[in-house]
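So the chains spell out like this:
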Amino acid sequence: MIKVAASILAADFSNLKDELRKAESADFIHFDVMDNRFAPNLALSPVILEAVKKHTRLPVNVHLMVADPIEYIDMFKNADIITVHVEANDAEDALMKIKKLKKKAGIALNPETPAEKVQQFLSIADSILVMTVHPGFAGQKFIMQAAEKTKLLRPMGREIWVDGGINEQTKELVDADVLCAGEFIFSSKNPGEAIAKLKE
Ligand code: DX5
Ligand code: ZN
């Protein structure tokens, strides 16, 4: 069974409560954090995480697209799953800190980063997140070469997530357990139906 994580970065923040209702048939809320260093955008803070937690029953995955993840983990410790990038500083220590807080830990790869870079983190990470767009914004075009990595990662025996440009066509091009999608869900006239299509 394919699971869906609704990426709240693509939501209308002037109406967060209703937007979360649109995503209620998803399996997770995906929550992007950016520091304007690792990625060219500044996004989502702990205050917003509290607002999200108030209006959803779904587990929240915090995706740290930041240069120094270790400095951010305590601020987002109300999340259920915290994902850090292999390209970030001290990624291994960050993963250990997440596990110490008894949270699930994910390791993420940028589109250009080779699959084998996750190898050294596999003893700690519960899941691997493959970025199929460059970190920064919702609504970008899916990168096919990045998607091909999902097939190489499969034998590593971890839950595989993909994030970026996922819709009912591109989902066929990845081998993943969890599909993160922003625009496809939140720009849809019928978000419940969009989520169901991703799960098909
Ligand atoms: C990109 C983010 C993604 C993004 C996905 O930096 O990590 O989670 O919001 O949005 P879509 O599905 O619109 O590409
Ligand atoms: Zn993300």
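Structure report, in brief. (Residues numbered from 1 in each chain as written. Chains lettered and ligands numbered in written order. Predicted model: local features only at pLDDT ≥ 70, side-chain atom pairs only at ≥ 80, totals over all residues. Heavy atoms only, no water.)

**Structural notes on the nonpolar core**
Inclusion rule: Each nonpolar core is a collection of buried residues, namely Ala, Val, Leu, Ile, Met, Phe, Trp, Tyr and Cys, held together in the definition by side-chain atoms within 4.5 Å. Think of it in three bands: with a 1.4 Å probe and only protein chains considered, a residue is buried below 20% of the maximum accessible area for its type, exposed above 50%, and partly exposed in between. The criterion used for residue contact is that any of the two residues' heavy atoms lie within 4.5 Å.
Judged by nonpolar contacts, the single largest core of 72 residues is most densely connected at Phe31 and Leu64. Residues contacting Leu64, with those up to four places away along its chain left out, are Val33, Pro69, Tyr72, Ile73, Phe76, Ile82, Thr83, Val84 and His85.

**A short note on the site of ligand 1**
Rules: Any residue with a non-hydrogen atom lying within 4 Å of a molecule or strand is treated as near it. In protein, a polar contact requires one atom able to donate a hydrogen and another able to accept it; more generally it is a pair of N or O atoms within 3.5 Å, and residues adjacent in sequence count only if both atoms are side-chain atoms. All accessible areas in this document rest on Shrake-Rupley with a 1.4 Å probe, and a residue is counted as covered only by the protein chains that are shown. As a working rule, the residues Ala, Val, Leu, Ile, Met, Phe, Trp, Tyr, Cys and Pro are called nonpolar, Asp, Glu, Lys and Arg charged, and the rest polar, with Gly in that last group.
Around ligand 1, 18 residues are found, and the nearest of them are Asp32, Gly136, Gly139, Asp163 and Gly182. Between ligand 1 and Gly182, the relevant distance is 2.7 Å, taken from an oxygen atom to a main-chain nitrogen or oxygen of the residue. Here ligand 1 loses 99% of its free accessible area of 380 Å² to cover by the protein chains. Looking at the shell around ligand 1 residue by residue, the class counts come to 7 nonpolar, 8 polar and 3 charged.

**Some remarks on the coordination of the zinc ion (ligand 2)**
Let me state the cut-off plainly: A donor here means an N, O or S atom no more than 2.8 Å from the metal, or no more than 3.2 Å when the metal is Na, K or Ca. Since water is not included, a site may seem to lack partners. For a four-donor site, all angles between 85 and 135 degrees give tetrahedral; for four or six donors, opposite pairs above 155 degrees with the remaining angles between 65 and 115 give square planar or octahedral; all remaining cases count as irregular. Put simply, DSSP H or I for four residues or longer makes a helix, DSSP E for two residues or longer makes a strand, and each gets a number counted from the N terminus.
Protein coordination at the zinc ion (ligand 2) comes from His30 (NE2), Asp32 (OD), His63 (ND1) and Asp163 (OD), with a distance range of 2.1 to 2.3 Å. Considering all 6 donor atoms around the zinc ion (ligand 2), the spread of angles at the metal, 71 to 175°, places the coordination shape in the octahedral class. In primary sequence terms, the donor set of the zinc ion (ligand 2) follows H-x1-D-x30-H-x99-D. Taken together, the residues span a long stretch of sequence, with Asp32 in strand S2 (residues 28–35) and His63 in strand S4 (residues 60–65) at a distance of 31 residues.

**Some remarks on the packing of aromatic side chains**
Short version of the rule: Between rings of Phe, Tyr and Trp, where Trp is taken as its six-membered ring, a pair exists when centres lie within 6.5 Å; planes separated by under 30 degrees are stacked, by over 60 edge-to-face, and by other angles tilted.
The full count for this structure, using the stated rule, is 2 aromatic pairs. On the numbers, 4.8 Å between centres and 45° between planes, the contact of Phe28 with Trp161 is tilted. On the criterion of sequence distance, the pair formed by Phe28 in strand S2 and Trp161 in strand S8 (residues 159–163) is long-range, its members being 133 residues apart.

**Examining the pattern of salt bridges**
Our working definition: Salt-bridge detection follows one rule: a side-chain nitrogen of Lys or Arg within 4 Å of a carboxyl oxygen of Asp or Glu.
As enumerated under the stated definition, the model contains 12 salt bridges in all. Between Asp74 and Lys97 there is a salt bridge; the shortest N-O distance is 3.3 Å. Of this pair, Asp74 sits in the loop between S4 and strand S5 (81–85) while Lys97 sits in helix H3 (residues 91–100), and the two are 23 residues apart along the sequence. Classification of Lys97 by relative accessible area gives partly exposed; the value is 27%. Shared partners join several salt bridges into a network, and the residues in it are Arg154, Asp175 and Asp177.

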